[in-house]
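Notes for the structure review
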Amino acid sequence: MALYKGFIPTMYSFLPISFATMGANAYFHNLQSNIRISEFSKQVYAGAFAGMLVALIKSPIELIRNRAQICTNGSLSSSKIVKNLFKYEGGRSLLKGVLPNMVKDGIGFGAYFSSFYMIRKLFTNTFDSPLMKNLSVFFSGSLAGMAAWTVAMPLELAKNVIQCEERSTLSTMQVMRQRFAQLGVRGLYTGLLPTVLKTAPASGIHLYVYDRIMEYCNCNFSQVASSFAPSLRLDRVFFRPLLCISLTFSKKKKK
């Protein structure tokens, strides 16, 4: 069971975080509809702002997961870790590592969505058969995930170190400097290989399902979002990825 410590907070947070990420990305992309910049730049900015926003939500969850998986050697449950955080470190400790998490996700998701857009565009113009186009979406997502983690890995490592050390006063840059001084560049990318091996299929499936749902619903996030006044209400941010699906099925029922 120790191998699955931290599984519960990760499992229950994955779906809402995925919806929040996709919804926030669509929201910020729509805000740029009247700005004359390239589509690639829009994807970078939308992904970066979405990543920073979602980092506020998932940072406490990752703190609990890291404490369960690494810091306590699997000896404490998630509920016990939360109790200890409030008891010994205070309620503010739940935001431990939130700054490096926001920077990491801002850079990572900016690279994630923009690289997916570019790679998918390249593959779409290359292949004609439906099978190859479907595979190209999957591989585009896989490559995008690998690119994002390659860029964000040093910040992920620094964030994990900060979250695991109780009452740590080290900043993100201090952790990275120490790591670089001890192990060089290689030290900043410790754990990159297993992370990429995990991320490649997960990102491929993630973005493939996202892309197929949008095609099945025959609607566009930007078009749907434009019918609403710009707002940062959490219900719209969380459930916007489901909006196309619900509108499509409601139209079919009326017919």
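Described in the following lines is the structure provided in the data block. Computed from a predicted structure; not experimentally measured.

On the surface, Ile35, Ile37, Tyr45 and Phe49 cluster together to form a nonpolar patch covering roughly 370 Å² of accessible area. Take Ile35: it is sitting in the loop between helix 1 (7–31) and helix 2 (39–71).

This part covers the packing of aromatic side chains. Geometry of an aromatic ring pair is reported as the spacing of the ring centres plus the angle between the planes. Under the criterion given, the structure shown has six aromatic pairs. Ring plane angle 75 degrees and centroid distance 5.5 Å describe the contact between Phe138 and Phe139, whose orientation is recorded as edge-to-face. Relative accessible area serves as the criterion here: at 44%, Phe139 is assigned to the partly exposed category. Taken together, Tyr27, Phe28 and Phe49 form an aromatic cluster joined through their ring pairs.

A complete count under the given rule lists six salt bridges for this structure. Linking Lys159 and Glu156 is a salt bridge whose minimum nitrogen-to-oxygen distance equals 3.4 Å. Pair noted here: Lys159 and Glu156 are both in helix 5 (residues 130–164), with a separation of three residues, about one helical turn. Exposure class is identical for Lys159 and Glu156. Each is buried. Through salt bridges with shared partners, a single network forms among Lys58, Glu62, Lys104, Asp105, Glu156 and Lys159.

Another aspect to go through is the packing of helix 4 (residues 98–124) against helix 5. At a closest axis distance of 8 Å, the pairing of helix 4 and helix 5 adopts a crossing angle of 165 degrees. Taken together, helix 4 and helix 5 sit at an angle that is classed as roughly antiparallel. Here helix 4 and helix 5 pass one another in a crossing that is right-handed. For the contact of helix 4 with helix 5, the residue count by class is 19 nonpolar, eight polar and five charged.

This part takes up the side chain of Thr195. Its place among the elements puts Thr195 in helix 8 (residues 192–217). Overall, Thr195 belongs to the buried group, its relative accessible area being 15%. Polar side-chain contacts of Thr195 include one of 2.7 Å to the backbone oxygen of Gly191. Excluding its chain neighbours within four sequence positions, the residues that come into contact with Thr195 are Trp149 and Met153.

The subject of this paragraph is the layout of surface pockets. When its volume is computed, the largest pocket comes out at roughly 1300 Å³. Glu62, Arg65, Trp149, Lys198 and Thr199 are the residues nearest the centre of the largest pocket, which is lined by 38 residues in total. Elements that contribute at least two residues to the lining of the largest pocket include exactly helix 1, helix 2, helix 4, helix 5 and helix 8. Here the lining of the largest pocket takes ten residues from helix 5, the largest share from any one element.

Conventions used here
- Residues numbered from 1 in each chain as written.
- Predicted model: local features only at pLDDT ≥ 70, side-chain atom pairs only at ≥ 80, totals over all residues.
- Heavy atoms only, no water.
- Patch = residues over 30% accessible without salt bridge, like charges linked within 9 Å, V, L, I, M, F, W, Y side chains within 5 Å.
- Areas by Shrake-Rupley, 256 points an atom, 1.4 Å probe, with all protein chains shown as cover.
- Salt bridge = Lys/Arg side-chain N within 4 Å of Asp/Glu carboxyl O.
- Helix = DSSP H or I, 4+ residues; strand = E, 2+ residues; numbered from the N terminus.
- Phe/Tyr/Trp six-rings, centres within 6.5 Å; stacked < 30°, edge-to-face > 60°.
- Buried < 20%, exposed > 50% of the residue type's maximum accessible area, 1.4 Å probe, protein only.
- Axes fitted to C-alpha atoms, helices over the stretch in contact; angles between N-to-C directions.
- Parallel < 35°, antiparallel > 145°, perpendicular 65-115°, else oblique.
- Left-handed = near helix turned anticlockwise from the far one by under 90°.
- Nonpolar A, V, L, I, M, F, W, Y, C, P; charged D, E, K, R; others polar.
- Polar contact = N/O pair within 3.5 Å; in protein donor to acceptor, adjacent residues only side chain to side chain.
- Contact = heavy atoms within 4.5 Å.
- 1 Å grid on protein atoms, 1.4 Å probe; cavity = no way out; pocket = protein on both sides within 12 Å on 5 of 7 lines; lining within 4 Å.
- Points joined across faces, edges and corners; volume = space filled by probe spheres on them.

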